[in-house]
Amino acid sequence: MAITRQEIEHIAVLARLEMSGERFDHLAGDMQNIVGMVDKLQQLDLGDITDVINTERKNALREDVVEQDYTPEELIEPNAPDFQAGGVAVPRIVE
């Protein structure tokens, strides 16, 4: 399957990309190389490869354990310029 300059221009219009004329030719060549690599991958004989999924495997991740619990005040207060009554105080903008 050959990728043409017109197809690249159409894709650029759909993606709302602005490119120069020589860039289209370069991208058409790159896309053609990508399609060629995919064609090579499809030619591989994978018939003798077995599945690597082990259905007996349990959760391999560690247990989710809370190490330290923080209150909102402990997290926000050190970074807030003015912290009052459990919240960040901001200048009044409505009168």
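Reading guide: rules and limits
- Residues numbered from 1 in each chain as written.
- Predicted model: local features only at pLDDT ≥ 70, side-chain atom pairs only at ≥ 80, totals over all residues.
- Heavy atoms only, no water.
- UniProt positions renumbered as here; feature names shortened; annotations may be inferred.
- Patch = residues over 30% accessible without salt bridge, like charges linked within 9 Å, V, L, I, M, F, W, Y side chains within 5 Å.
- Areas by Shrake-Rupley, 256 points an atom, 1.4 Å probe, with all protein chains shown as cover.
- Salt bridge = Lys/Arg side-chain N within 4 Å of Asp/Glu carboxyl O.
- Lys, Arg positive; Asp, Glu negative; His and termini not counted.
- Charge placed at Lys NZ, Arg CZ, Asp CG, Glu CD.
- Helix = DSSP H or I, 4+ residues; strand = E, 2+ residues; numbered from the N terminus.
- Buried < 20%, exposed > 50% of the residue type's maximum accessible area, 1.4 Å probe, protein only.
- Core = buried A, V, L, I, M, F, W, Y, C linked by side-chain atoms within 4.5 Å.

An unreviewed UniProt entry annotates the chain as Aspartyl/glutamyl-tRNA(Asn/Gln) amidotransferase subunit C of Butyricicoccus pullicaecorum. Taken from UniProt, the Subunit (unreviewed entry) comment for the chain reads in full: "Heterotrimer of A, B and C subunits." According to the UniProt record, the Sequence similarities (unreviewed entry) comment for the chain reads "Belongs to the GatC family."

Enquirer: Is there a simple way to explain a negative patch on the surface in this structure?
Expert: Where like charges cluster on the molecular surface, the negative patch consists of D69, E73, E74 and E77. By secondary structure assignment, the location of D69 is in the loop between α2 (21–42) and α3 (72–76). Overall, the relative accessible area of 66% leaves D69 in the exposed class.

Enquirer: It is not clear to me how the nonpolar core should be interpreted in this structure. Could you clarify?
Expert: Among soluble globular proteins, nonpolar side chains are generally buried collectively. Counting six residues, the largest nonpolar core is built from I3, I8, A12, F24, A28 and V35. Elements with a minimum of two residues in this core: α1 (5–14) and α2. The element contributing the most residues to this core is α2, with three residues.

Enquirer: I tried to follow the pattern of salt bridges on my own but got confused; where do I start?
Expert: Between side chains of opposite charge, a pair can form as their charged atoms come close. One pass over the structure, following the stated rule, counts two salt bridges. When the shortest N-O distance is used, the salt bridge between R5 and E9 registers 2.7 Å. You can see R5 and its partner E9 sitting in helix α1, four residues apart, about one turn around the helix. A relative accessible area of 28% places R5 in the partly exposed class. R5 is paired through a salt bridge with D25; the nearest N and O atoms lie 3.1 Å apart.

Enquirer: Would you take a moment to explain unusual backbone geometry for this structure?
Expert: Where the residue is not glycine, phi is negative for most of them; where a peptide bond is considered, it is trans in most cases. Its identity is not glycine, yet R16 carries a phi of approximately 55°, on the positive side. Position of R16 relative to the elements: it lies in the loop between α1 and α2.

Enquirer: Would you mind showing me how to read a nonpolar patch on the surface here?
Expert: On the surface, Y70, L75, I76, V88 and V90 cluster together to form a nonpolar patch covering roughly 480 Å² of accessible area. If you trace the backbone, I76 turns up in helix α3.

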